[in-house]
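# Per-entry structural report
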Amino acid sequence: MVQKWEVIIMKGENEPWWFFPDWKNDILATYVCSDKNSAFMKFGALYRLFVSRFDHVKIKNTSMVAFWKDGDYVYCDPCDEDLQIYYGLLILLNGEPYHLSKIEEQFIFG
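Report on the accompanying structure. Given the structure is predicted, the values throughout are model-derived calculations rather than measurements.

### Description of the packing of aromatic side chains
The full count for this structure, using the stated rule, is 14 aromatic pairs. When the centroid spacing of 5.1 Å and the interplanar angle of 75° are considered together, the rings of Phe50 and Phe67 count as edge-to-face. Taken together, the positions of Phe50 in helix H1 (residues 36-53) and Phe67 in strand S4 (residues 64-68) put the pair 17 residues apart, joining distant regions of the chain. For the residue pair Phe50 and Phe67, the accessibility class agrees, reading buried in each case. Here the aromatic residues Phe43, Tyr47, Phe50, Phe54, Phe67, Tyr87 and Phe109 are joined through ring pairs into a cluster of three or more. The positively charged end of Lys42 is found above the aromatic ring belonging to Tyr31, 4.1 Å away from the centroid. In this structure, Lys69 packs its charged tip against the face of Phe54, placed 5.5 Å from the ring centre.

Here it is in structure tokens:
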């Protein structure tokens, strides 16, 4: 079976791990990679870029990362409040979040 590796950048009002029914509407970019090494290199490069540009970072299940800045909000009319804007970074294998091993974490995050 051919493996499909994807690195996805998202922007929205939810952290990237929620996968609400319309989560794909928040996708800004998708990078399809030919192999695991290429996906890891792309994910790592984007992670380092985003860490340098955002105030906060939270990693969940090692393959899903949320970034945000203080004061980066959007007003929600139905909620009648400001909601934080999150940028998400995901690495998927065959459409599912990939769980990095400890060695893979070291390779990507340093």
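Having seen the structure, we can now continue with the description.
### A word on the state of the cysteines
Cysteine pairs can be linked by a disulfide, which is a covalent bond between their two sulfur atoms. Counting across every chain of the model gives one disulfide. Covalent S-S linkage joins Cys76 and Cys79, the inter-sulfur distance amounting to 2.3 Å. Torsion about the S-S bond of the Cys76 and Cys79 cystine: about 55°, corresponding to right-handed handedness. Note on Cys76: relative accessible area 11%, which makes it buried.

### A short note on the environment of Val51
Structurally, Val51 is set in helix H1. According to the relative accessible area criterion, Val51 is partly exposed, its value standing at 38%. Each C-alpha atom of the pair Val51 and Phe67 lies 7.5 Å from the other, and the pair is 16 residues apart in sequence.

### Thoughts on a nonpolar patch on the surface
A contiguous nonpolar surface patch, about 210 Å² in accessible area, is contributed by Val51, Val57 and Ile59. With respect to the secondary-structure elements, Val57 resides in strand S3 (residues 56-60). For Val57, a relative accessible area of 39% translates into the label partly exposed.

### Side note on the environment of Phe19
By the secondary structure assignment, Phe19 is in the loop between strand S1 (5-12) and strand S2 (27-33). Between the C-alpha atom of Phe19 and that of Cys79, which follows or precedes it by 60 residues, the distance is 20 Å. Look past the residues within four positions of Phe19 in its chain and what remains in contact with it is Met64, Leu90 and Pro97.

Conventions and cut-offs
Residues numbered from 1 in each chain as written. Predicted model: local features only at pLDDT ≥ 70, side-chain atom pairs only at ≥ 80, totals over all residues. Heavy atoms only, no water. Phe/Tyr/Trp six-rings, centres within 6.5 Å; stacked < 30°, edge-to-face > 60°. Helix = DSSP H or I, 4+ residues; strand = E, 2+ residues; numbered from the N terminus. Buried < 20%, exposed > 50% of the residue type's maximum accessible area, 1.4 Å probe, protein only. Lys NZ or Arg CZ within 6 Å of the ring centre and 35° of its normal. Disulfide = S-S within 2.5 Å. Patch = residues over 30% accessible without salt bridge, like charges linked within 9 Å, V, L, I, M, F, W, Y side chains within 5 Å. Areas by Shrake-Rupley, 256 points an atom, 1.4 Å probe, with all protein chains shown as cover. Salt bridge = Lys/Arg side-chain N within 4 Å of Asp/Glu carboxyl O. Contact = heavy atoms within 4.5 Å.

Geometry only, nothing functional implied.
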